[in-house]
Amino acid sequence: MLKEDLKNLIRKSNGREDSELVLKNCNIIDVFTSEIIKGDVAIEKGKIVGIGEYTGKKEIDLEGKYLAPGFIDSHVHIESSMSTPSQFARIIVPRGVTTIIADPHEIGNVKGLEGIRYIIEDSKNSPLDVYIMLPSCVPATSFENSGAILEAEDLKELIEEEKVIGLGEMMNYPGVINGDDKVIEKLILGRKKIIDGHGPMIDGKDLNAYAVSGIKTEHECSTVEEVKSRLRLGMYILLREGSAARNLAALIKAVNKDNLRRFLFCTDDKHPEDLIREGSIDFNIKLAIKEGINPIDAIRIATLNAAECYGLRNKGAIAPGYDGDLVVIDDLEAFNIEKVFKNGKLVGEHYKPLFQSDIYTPDYMKNTVNIGKIELKDIQIPMRSNKAHVISLRENSIVTEKVIREVKVKDGYFSYSNEDILKVVVVERHKKTGNIGVGLIENFKLKEGAIGSTIAHDSHNIIVIGDNDRDILLAIEELERIGGGITIVSNEKVIKSLPLEIGGIMTSRPVEETNNILKEMIEISYEELKINKDIDPFMTLSFMALPVIPKLKITDMGLFDVESFQFAQVSLDN
């Protein structure tokens, strides 16, 4: 800061000159002292300069409404919204979220460093502050093929970037505990800043080893005891409320006045419909209040705690010298957001954005489906008997069961029958390796068609489920034609597709438009293809290729038994 700039702030702060903007008659939420202070807030050059009685060149009378610091999402994958950072901002900023900590490991798995740089560049097209945690696990496992491999040497290129503040969730906790060289190199790189954890169910000395490596946060706790064990070791706990994983109500019971400062809020993965219907961190706050947390404490979790954990100076509070990121709330029970200011500028009102986002879709992020010619013979399953390993879906869960079923066999190959056993096919789509994994799945209940997607966590290959081979092949061809996305096929016709032109997992289309198309496709899936209504068809599909979630999954390399951590054969011997 230049000397004259600082002098200007001081003059405005002591009231010798009018500030650019003064918010009058506020009930100011002080997250330092848990007080509500009546007064004005003066803002100059995007910074708060004073609290008390002030006059401004522009004044807005808040008429006794509550004023909170801008909310911070402490861990989010923007890609789960299927939108670019700038379009994502148009949904969450009007809900009071002015800063996010993003882990771009989804696009990192598709495009490597180019994908991360894309997130950084497009984030400049909106008022949302986007800080980056470099993906620590690309690919997530060695049992699949992703579009990139990111080692410590690769990540060094970005670690000093202004918006890069640390190393993203360390999912490879066995690698940490066992001292894997490549993992250790990444941890040493991340220790310069902050490292996020992802270590569910680790305990005892293994948990000590995980903590001593430098990992400071955890968002994968499922029980209060897990929360307490990590708090005792000095870790921060991120209370998550996303689309698939909703842990806040269960874990908020661990929060008390003594440990309150060690909790943050995050959404992790939230899909378009839930963002539009529920919101973002504002929803976490509302739910915490509903569960009995004092409203000011809930706001502190969403603001000051997050800013201090991630070293975001001048964010997370309303005080002189802090950024003018402010949220106007009607009352602390209903918690309706009326206005949002970013750096002292009004950017949202009544849940509507007051800014436009430039579309940034560079050619290098498009046309990421790279496959060869696939024929019917390529997706056949040879059978040695009529018994097969089958992925069995659980309702409302991404965890599957490993079951053995009798299936129809014709000429030595699996043959479809009236039973609810379908083919699930994963095609490597990044480097044209020709890898195709084919397995069987039940309880999806699809009839007369196929659905497919290039959203397939974490490597994002093509994944298709269908009850006949011709529709499966057509779905694969359609996904290649549209450059990635989601599709529905029936009776050898494409019924509906949602193109996701950016890496096959995101689009620059407005979130509302994407959501409308997705809702229509879900309705078609249920009504025309008769898919099980107790599952979300596309979200469930996307997790069937993730070989770190029990029990049986499918990758481009084949059927994978997560419990034994090795590949399995579809066909059993007699």
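Because the structure is a prediction, the values reported are computed rather than measured.

This paragraph deals with the pairing of strand β2 (residues 35-44). As paired strands, strand β1 (residues 19-30) and β2 are joined by eight bridges and run antiparallel to one another. The residue bridging Val22 from the neighbouring strand is Ala42, located in β2. Between β1 and β2, which pair antiparallel one after the other, the connecting turn spans four residues, and Ser34 there sits at a positive phi close to 60 degrees. Inspection of the sheet shows β2 paired to strand β3 (residues 47-52) by five bridges, in the antiparallel sense. Across the sheet, the residue bridging to Asp40 is Gly52, located in β3. Here β2 folds back onto β3, and the loop between the two strands holds two residues, one of which, Lys45, carries a positive phi near 50 degrees.

Per the UniProt record, "domain: Adenine deaminase C-terminal" (unreviewed entry) is found at residues 398-566. For residues 398-566, the helix share is 22%, the strand share is 34%, and the end-to-end C-alpha distance is 19 Å.

In this section: the pairing of strand β24 (residues 450-453). Burial along β24 is two-sided: the face carrying Ala450 and Gly452 and the face carrying Ile451 and Ser453 are both buried. In terms of strand pairing, β24 meets strand β26 (residues 485-490) through four bridges, oriented antiparallel. Counted as the bridge partner of Ser453 is Ile486 from β26.

A few words on the packing of helix α4 (residues 152-159) against helix α6 (residues 181-190). Relative orientation of the contacting elements α4 and α6 amounts to 15 degrees, with a least axis distance of 9 Å. In terms of their interaxial angle, α4 and α6 are classed as roughly parallel. Regarding α4 and α6, the two cross each other, and that crossing is right-handed. Between α4 and α6, the residues in contact are Ala152, Leu155, Lys156 and Ile159 and Glu185, Lys186 and Leu189, respectively. Among the residues making up the contact of α4 with α6, the classes are represented as four nonpolar, no polar and three charged.

Below, the discussion takes up the UniProt feature "domain: Amidohydrolase-related" (unreviewed entry) in the protein chain. Feature annotation in UniProt assigns "domain: Amidohydrolase-related" (unreviewed entry) to the following positions: residues 66-347. With 35% helix and 21% strand, residues 66-347 has end C-alpha atoms that lie 17 Å from one another.

Moving on to the pattern of salt bridges. Here the structure, examined in full by the defined rule, presents 49 salt bridges. One salt bridge connects Asp297 with Arg300, and the closest N-O pair in it is separated by 2.8 Å. Of this pair, Asp297 and Arg300 both sit in helix α12 (residues 295-302), three residues apart, which is roughly one turn of that helix. Across this residue pair, the class does not change: Asp297 and Arg300 are buried. Put simply, Lys47, Asp129, Lys163, Lys315, Asp323, Asp325 and Lys342 are held in one network by salt bridges that share partners.

Let's shift gears to helix α2 (residues 85-92). Note on helix geometry: an α-helix contains 3.6 residues per turn, so any two residues three or four positions apart are oriented the same way. Among the eight residues in α2, eight count as buried, and that is most of the element. Listed as buried for α2 are Pro85, Ser86, Gln87, Phe88, Ala89, Arg90, Ile91 and Ile92. The secondary structure elements touched by the buried residues of α2 are β6 (71-76), β7 (97-102), α3 (105-122), α10 (272-277), β17 (352-353) and α15 (511-527).

This part takes up the sheet that holds strand β28 (residues 552-555). The strand order across the open sheet built from three strands is β28-β29-β30, with neighbouring strands paired in antiparallel fashion. Here the strands that pair on one side only, and so sit at the sheet edges, are β28 and β30 (566-567). With two bridges connecting them, strand β29 (residues 558-561) and β30 associate as antiparallel partners. Counted as the bridge partner of Phe560 is Phe567 from β30.

Next up on the list: the packing of aromatic side chains. Tallied over the entire structure, the rule returns nine aromatic pairs. Geometrically, the ring pair formed by Phe71 and Phe335 is stacked, given 6.2 Å between the ring centres and 25 degrees between the ring planes. Taken together, the residues span a long stretch of sequence, with Phe71 in strand β6 and Phe335 in the loop between β14 (326-329) and β15 (337-342) at a distance of 264 residues. As far as burial versus exposure is concerned, Phe71 and Phe335 are alike and both buried. An angle of 75 degrees between the planes, with centres 5.3 Å apart, marks the rings of Phe414 and Tyr416 as edge-to-face. For Phe414, a relative accessible area of 6% puts it in the buried group. Chaining the aromatic ring pairs together yields one cluster made of Phe143, Phe560, Phe565 and Phe567.

Let us look at the sheet that holds β7. Ordered in space as β6-β7-β8-β9-β10-β11-β12-β13, the eight strands form an open sheet in which the pairing is parallel. Only two strands of the sheet have a single neighbouring strand rather than two, namely β6 and β13 (263-266). Pairs of neighbouring strands in the sheet enclose a mean axial angle of 30 degrees, with direction left out of account. With four bridges connecting them, β7 and strand β8 (residues 129-134) associate as parallel partners. Opposite Ile101, over in β8, you have Tyr131 as the bridge partner. Those strands touched by α3 are β8 and β9 (164-170), and its axis lies near 135 degrees from that of β8.

Rules used in this analysis
Residues numbered from 1 in each chain as written. Predicted model: local features only at pLDDT ≥ 70, side-chain atom pairs only at ≥ 80, totals over all residues. Heavy atoms only, no water. Pairing = 2+ DSSP bridges. Helix = DSSP H or I, 4+ residues; strand = E, 2+ residues; numbered from the N terminus. UniProt positions renumbered as here; feature names shortened; annotations may be inferred. Buried < 20%, exposed > 50% of the residue type's maximum accessible area, 1.4 Å probe, protein only. Axes fitted to C-alpha atoms, helices over the stretch in contact; angles between N-to-C directions. Parallel < 35°, antiparallel > 145°, perpendicular 65-115°, else oblique. Left-handed = near helix turned anticlockwise from the far one by under 90°. Contact = heavy atoms within 4.5 Å. Nonpolar A, V, L, I, M, F, W, Y, C, P; charged D, E, K, R; others polar. Salt bridge = Lys/Arg side-chain N within 4 Å of Asp/Glu carboxyl O. Phe/Tyr/Trp six-rings, centres within 6.5 Å; stacked < 30°, edge-to-face > 60°.

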